[in-house]
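# Overview (structure and organization)
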Amino acid sequence: MFFNQKDRHEQMARIDPRDTDGDGTVSPQEAAAYIQDYMQNASPEERQQILKDYIGGMSPEQRQQMGDAIVKSPANPVQRVNHDDPGDLADAYARTAQAPRQDDGKSPLEAAFSEGGMLSSPLVKAGLVGLAGMIGSKLLRGR
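Given the structure is predicted, the values throughout are model-derived calculations rather than measurements.

### Here we look at the overall build of the protein
Each helix and strand counted, the protein has 7 helices and 0 strands in total. Ordered by position in the sequence, the α and β elements of the protein form the string α-α-α-α-α-α-α. A total of 143 residues make up the protein; the buried ones form 44% of that total. Counted over contacts in the protein with a minimum sequence separation of 6, partners at least 24 positions apart contribute 62%.

This is the structure we're talking about:
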């Protein structure tokens, strides 16, 4: 079960979100897959809290970019998001992360962060890796 994968949580908790040099430690795609696993296994309350904490640390411009990218992604089930409302943005992110995998085997979240995806900028990818680190740290602390 996902919550019992201590090694994986330790790996994600050690991530330095500023590491955007592509050294292969943890790729954004791996972080997206980890986040998707968490979103599918966590309670709705846990999902909302971690995402509110994550989104609460973003600037208004970052929230707008994330909201726009979520809506523009063709693989995403979310059609509208209010980036000024952290709860609405957290819900849109959670629904994206929980959406079924596409024909290519990627989740909509992985597709959005992959090369050429809507959220493929290095800074946004670093944020994704940072969220994986937050989740890993939280799970190691016993939620």
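### A word on the side chain of His83
If you trace the backbone, His83 turns up in the loop between helix H4 (60-72) and helix H5 (86-98). Its relative accessible area of 19% is what places His83 among the buried residues. One polar contact links His83 to Asp84, side chain to side chain, over a distance of 3.4 Å. Leaving out residues up to four positions away in the same chain, His83 has contacts with Arg63, Gln64 and Leu89.

### Focus on the confidence of the model for the protein
Any segment with low pLDDT has predicted coordinates that should not be analysed in fine detail. Confidence along the protein averages 76 in pLDDT terms, with 76% of residues attaining 70 or more. Mean pLDDT across the elements of the protein bottoms out in helix H6 (residues 108-113) (68) and peaks in helix H3 (residues 44-56) (87). Note on residues 17-21: pLDDT under 50 across the span, and 5 contacts to partners over four residues away in sequence or across chains.

### A look at the environment of Glu30
On the secondary structure map, Glu30 appears in helix H2 (residues 28-41). Judged by relative accessible area, which is 41%, Glu30 ranks as partly exposed. Taking the C-alpha atoms as reference points, Glu30 and Met12, separated by 18 residues in sequence, lie 9.7 Å from one another.

### Structural notes on the nonpolar core
Of all hydrophobic cores here, the largest spans 32 residues; its most connected members are Ile35, Tyr38, Leu51, Tyr93, Leu131 and Ile135. Elements that contribute at least two residues to this core include exactly H2, H3, H4, H5 and helix H7 (122-140). Apart from the residues lying within four places of it in its own chain, the contact partners of Tyr38 are Phe2, Phe3, Glu46, Arg47, Ile50, Ile135, Lys138 and Leu139.

### A short note on the pattern of salt bridges
If you walk through the whole model with that rule in mind, you get 1 salt bridge. Here Asp91 makes a salt bridge to Arg95, at a shortest N to O gap of 3.6 Å. With Asp91 and Arg95 both in helix H5 and 4 residues apart, this pair spans about one turn of that helix.

### Description of the packing of H3 against H5
Pairs of packed helices are described in terms of their axes, by the angle between the two and the distance that separates them. Look at H3 against H5: their axes get within 9 Å of each other, and the N-to-C directions meet at 120°. With respect to H5, the axis of H3 lies oblique. Two packed elements cross with a definite hand, and for H3 against H5 that hand is right-handed. On H5, the residues that touch Arg47, Gln48, Leu51, Lys52, Tyr54 and Ile55 of H3 are Pro86, Gly87, Leu89, Ala90, Asp91, Tyr93, Ala94 and Gln98. Grouping the constituent residues of the contact of H3 with H5 by class yields 8 nonpolar, 3 polar and 3 charged.

The rules behind the values
- Residue indices follow the written sequence of each chain, beginning from 1 at its first position.
- The model is predicted, so local features are restricted to residues of pLDDT at least 70 and side-chain atom pairs to those at 80 or more, both for listing and for counting; the totals for chains, interfaces and linings are taken over all residues.
- Only hydrogens and water are removed before side-chain values are computed, so all heavy atoms of the structure are retained for them.
- Under the DSSP-based scheme used, a helix requires at least four consecutive residues in state H or I and a strand at least two consecutive residues in state E, with every element numbered from the N terminus.
- Think of it in three bands: with a 1.4 Å probe and only protein chains considered, a residue is buried below 20% of the maximum accessible area for its type, exposed above 50%, and partly exposed in between.
- In this analysis, two residues are considered to be in contact whenever any of their non-hydrogen atoms come within 4.5 Å of each other.
- A 3.5 Å cut-off defines polar contacts: any pair of N or O atoms within that distance qualifies, except that in protein one atom must be a possible hydrogen donor and the other a possible acceptor, and neighbouring residues in sequence count only when both atoms are side-chain atoms.
- The pLDDT value tells you how sure the predictor is about a given residue, anywhere from 0 up to 100.
- Among the buried residues, those of types Ala, Val, Leu, Ile, Met, Phe, Trp, Tyr and Cys that are joined through side-chain atoms within 4.5 Å form a nonpolar core.
- The salt bridge definition used is simple: a Lys or Arg side-chain nitrogen within 4 Å of an Asp or Glu carboxyl oxygen.
- For every element, the axis is a line fit to its C-alpha atoms; helices are fit only across the contacting stretch, and the angle between N-to-C directions ranges from 0 to 180 degrees.
- In these notes the angle categories are as follows: under 35 degrees is roughly parallel, over 145 is roughly antiparallel, 65 to 115 is roughly perpendicular, and the rest is oblique.
- Note: crossing handedness is left-handed where the near helix turns anticlockwise from the far helix by less than a right angle, and right-handed where it turns clockwise.
- Ten residues, namely Ala, Val, Leu, Ile, Met, Phe, Trp, Tyr, Cys and Pro, are considered nonpolar, four, namely Asp, Glu, Lys and Arg, are considered charged, and the remaining ones, Gly among them, are considered polar.

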